[in-house]
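# Close look at the chain arrangement
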Amino acid sequence: MAAARLTAQLLARDPDAAVTLFGDEPHVPYNRALLADVLTGRYAADAIGLPAASAQVRTGSEVVAVDTAARTLELADGSIAAYDTLVFATGSNPVLPPIRNLHCTSNTGEGGRLKQGVHAFRTLADCARLAEAVPGARRAVVVGGGILGVSAARALAALGLPVEIVHQAPYLMERHLDEQGGAALHRALADLGVAVYPENRAKSLVGTDRTEGVELANGYRLDADLVVLACGVRPRVGLARAAGLEVRTGIVVDDTLATSAPDVYAIGDCTEHRGRVHGLAGPAWEQADVLAAHLCGAPAEYPGSRVFARLTAGPVEIAAFGDVAPVDGDGHDVIRLADPTRGTYKKLVLRGDRLVGGILVGDLATVGALTHAYERDEVVPEDPLHLLISRGAPQ
């Protein structure tokens, strides 16, 4: 996604620029945020592709080594490609949880094949395999209750499967919601037939070569012939580390998105800027815009991104941004508006006359005005409660 955005911005500024995208997936760049909607059939797989303008897109072309001194790339087929400027947009890989019996008995170890019925949910290929498995499945367990896990559970429930979420944290989407927001999301998922087990850890899979269930750390067993792993992602930095770039959690970049090697940059999930790895589409696109301007000679620096997470296009809609859990007594004001009968929960966090965070669950009618005020650091109205109530909303 980051690479496609960068390409479009580069070629908009300089139509004669020679840009080549190398990707190891067989698909052109696509919007990963819409994978759940591909799973439910709302979108066809080819409908979520992202335009790469007139760039040369080389799919199925994995880069296996980078020589920053010679300014060359080595591809998996042994061929060599030269570069003038190189951008790492390698994204992230799904995290496999420390669950026993995760792999087939004949393929033990981290690199072994996952047990039949167990799926990651990160790529179009993952989505296709999951779609093939759903019609023959009876029960599903999603391991992980972050935004990806909630999205996957919602999609599986829409396809008619009984679904259960196992989540280690006290409530769902704890990185983006507060406890009340997590509870509202819990209730909304329950209305879809999704059961949630917070403060529980998946200990082991049951079954030999095919999963038959998930055993929790407390000894309880959930029957399931389909398990989705949604335990977060980790920056994909192996190629950069082998090339000698400075890597901590992500590839370290400065405010121009430059790495420690000359004429080598990085954007998106694989980057670490000012000690922070974002892992969201919004920051990746902001980084791409800044880098395109910088590479085309315009003065541009990346100051960091304001956090914004959103889950829409379904019966469970969520938006969260900024600091949603301020420390007591640090000068913040908090406004909450909850309606359990309608399944909505709204929260604003203000510091003085500025909006610094917010949560919307179940009703996103005012999300545009809120994010506008938040992103532009605008003065909020004297009565900020109006920011939570849309015109025509029931009183």
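Here we summarise the structure given alongside this text. (Residues numbered from 1 in each chain as written. Predicted model: local features only at pLDDT ≥ 70, side-chain atom pairs only at ≥ 80, totals over all residues. Heavy atoms only, no water.)

## Describing the overall build of the protein
Within the protein, the regular secondary structure consists of eight helices and 24 strands. The C-alpha radius of gyration of the protein comes to 22 Å, within 12% of the 21 Å expected for a compact globule of 395 residues. Out of the 395 residues in the protein, the part that is buried amounts to 46%. Contacts in the protein between residues at least 24 apart in sequence constitute 58% of all its contacts with a sequence separation of at least 6. Accessible surface, the protein as shown: approximately 18,600 Å² in total, 48% of it carbon and sulfur. Of note, the protein has its 36 positive side-chain charges centred 4 Å away from the centre of its 47 negative side-chain charges. (Helix = DSSP H or I, 4+ residues; strand = E, 2+ residues; numbered from the N terminus. Rg over C-alpha atoms; globule rule 2.2 N^0.38 Å. Buried < 20%, exposed > 50% of the residue type's maximum accessible area, 1.4 Å probe, protein only. Contact = heavy atoms within 4.5 Å. Areas by Shrake-Rupley, 256 points an atom, 1.4 Å probe, with all protein chains shown as cover. Lys, Arg positive; Asp, Glu negative; His and termini not counted. Charge placed at Lys NZ, Arg CZ, Asp CG, Glu CD.)

## Observations regarding the sheet that holds strand β22 (residues 332-339)
Overall, antiparallel pairing links the five strands, which are arranged β20-β21-β24-β23-β22 in an open sheet. Of all strands in the sheet, those with a lone pairing partner are β20 (308-311) and β22, marking the two edges. The average angle at which neighbouring strand axes cross in this sheet is 10°, direction not considered. When strand β21 (residues 318-322) meets strand β24 (residues 354-361), the two strands line up antiparallel, connected through five bridges. (Pairing = 2+ DSSP bridges. Axes fitted to C-alpha atoms, helices over the stretch in contact; angles between N-to-C directions.)

## Some thoughts on unusual backbone geometry
A positive phi is found at methionine 173, a non-glycine position, where the angle reads about 50°. Looking at the secondary structure, you find methionine 173 in the loop between β10 (163-166) and α5 (179-191). Of note, glutamate 199 is a non-glycine position whose phi angle comes to about 50°, a positive value. Summarising the element assignment, glutamate 199 is placed in the loop between β11 (194-197) and β12 (202-206). Residue glutamate 199 is classed as exposed on the basis of its relative accessible area of 59%.

## Side note on the pairing of β24
For β24, a buried count of six out of eight residues is recorded, marking the element as mostly surrounded by other parts of the structure. As paired elements, strand β23 (residues 344-351) and β24 share seven bridges and run antiparallel to each other. Pairing of leucine 350 across the sheet is with leucine 355, part of β24.

## What to know about the pattern of salt bridges
Pairing is possible between side chains that carry opposite charge, provided their charged atoms lie close to one another. A full pass over the atoms with the stated rule returns 17 salt bridges. A salt bridge links lysine 346 to aspartate 363, with the shortest nitrogen-to-oxygen separation between them at 2.9 Å. Highlighted residues: lysine 346 in strand β23 and aspartate 363 in the loop between β24 and α8 (367-375), separated in sequence by 17 residues. Assessed through its relative accessible area of 6%, lysine 346 is described here as buried. A relative accessible area of 11% places aspartate 363 in the buried class. Taking the shortest distance from any N to any O, the salt bridge between arginine 354 and aspartate 353 comes out at 2.7 Å. Counted as one network, the salt bridges with shared partners bring together Glu246, Arg248 and Glu272. (Salt bridge = Lys/Arg side-chain N within 4 Å of Asp/Glu carboxyl O.)

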